[in-house]
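Descriptive structure summary
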Amino acid sequence: MTREPLLIVDGYNLMHRLVPKRLLGGPGGLERARTNVVQRVATLLKKEELPLAAVVFDAAGTVDPGAANAADPQATQVIRVLFAAGFPDADSMIEEMIRKHSSPRRLTVVSSDRRLMDAARRRGAWGIDCDEWLDRRETEASRNCDVAGEPEEKAHEGGLPGADESRYWLREFGFDEPDQPDGR
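Here the structure is a predicted model, which is why all the values come from computation and not from measurement. (Residues numbered from 1 in each chain as written. Predicted model: local features only at pLDDT ≥ 70, side-chain atom pairs only at ≥ 80, totals over all residues. Heavy atoms only, no water.)

**Observations regarding the packing of helix 1 (residues 11–18) against helix 2 (residues 29–44)**
The interhelical angle for the contact between helix 1 and helix 2, taken along N-to-C directions, is 90 degrees, at an axis separation of 10 Å. Comparing the axis directions of helix 1 and helix 2 gives the class roughly perpendicular. On the side of helix 1, the interface is formed by Gly11, Tyr12, Leu14, Met15 and Leu18, while helix 2 contributes Leu30, Ala33, Arg34, Val37, Arg40 and Val41. In terms of residue class, the contact of helix 1 with helix 2 is built from eight nonpolar, one polar and two charged. (Axes fitted to C-alpha atoms, helices over the stretch in contact; angles between N-to-C directions. Helix = DSSP H or I, 4+ residues; strand = E, 2+ residues; numbered from the N terminus. Parallel < 35°, antiparallel > 145°, perpendicular 65-115°, else oblique. Contact = heavy atoms within 4.5 Å. Nonpolar A, V, L, I, M, F, W, Y, C, P; charged D, E, K, R; others polar.)

**Quick word on the nonpolar core**
Side chains of a nonpolar character, in soluble globular proteins, are inclined to be buried together. By size, the foremost hydrophobic cluster in this structure holds 29 residues, and its most contacted members are Leu14, Met15, Leu45, Phe57, Ile79 and Trp133. Elements with a minimum of two residues in this core: strand 1 (7–10), helix 1, helix 2, strand 2 (53–57), strand 3 (80–83) and helix 6 (130–144). If you tally residues by element for this core, the top one is helix 2, at six residues. Once you skip the residues sitting within four places of it in the chain, methionine 15 turns out to touch Leu24, Leu30, Ala33, Arg34, Val37 and Phe57. Ala90, Met97, Leu107 and Met117 belong to the second-largest nonpolar core, a separate cluster that totals 17 residues. (Core = buried A, V, L, I, M, F, W, Y, C linked by side-chain atoms within 4.5 Å. Buried < 20%, exposed > 50% of the residue type's maximum accessible area, 1.4 Å probe, protein only.)

**A closer look at the packing of helix 4 (residues 90–100) against helix 5 (residues 114–122)**
Between helix 4 and helix 5, whose axes approach to 10 Å, the crossing angle comes to 5 degrees. With respect to their mutual orientation, helix 4 and helix 5 come out roughly parallel. Two secondary-structure elements touch here, helix 4 through Asp91, Ser92, Ile94, Glu95 and Ile98 and helix 5 through Arg115, Leu116, Ala119, Ala120 and Arg122. For the contact of helix 4 with helix 5, the per-class residue count stands at five nonpolar, one polar and four charged.

**Here we look at the packing of aromatic side chains**
The geometry of two aromatic rings is summed up by the distance between their centres and the angle between their planes. Counted under the stated rule, the structure contains two aromatic pairs. Relative to phenylalanine 57, the ring of tyrosine 12 lies with its centre 5.0 Å away and its plane at 65 degrees, an arrangement referred to as edge-to-face. With tyrosine 12 in helix 1 and phenylalanine 57 in strand 2, the pair connects residues that are 45 residues apart, well separated along the chain. Cluster of aromatic residues (ring-pair linked, three or more members): Tyr12, Phe57 and Phe83. (Phe/Tyr/Trp six-rings, centres within 6.5 Å; stacked < 30°, edge-to-face > 60°.)

Right under this line is the structure:
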């Protein structure tokens, strides 16, 4: 029996916080970005939190949204990946999940969408903005482990990443590094 998620992530909302729009184009760009978003969420969760997390995406643009409501264990470890087949959009599916949750006070909803934050608050769930959730989880992860090859966690003025962090995320999302203007 599958347990109800205690963490619901608005997948595209988070994707737009992690991936610049220019990197979403091209064949397979959206699928690759979805996979990387789910993998990034997995890296920010504790092992015991993984089976209690769900990342929800719109069904549009999926090959077979009806069959896509199961997680790919290799790509996502054990996080559930849900596509909003049968719903107008992912927000509608997330609202339904919040409405039907048997223990909403234990539920966290990650989105920057006011509609979802209001739905979460009405049921007593905790709604948190994508940027705030990422900041909190990345800070916690940097305290708990030092993974070789990841950029050092630093506060950036104006919220913009430094050059090293930008290169890291470009590699993480499967994009080649851009050509250097000075020929390096």
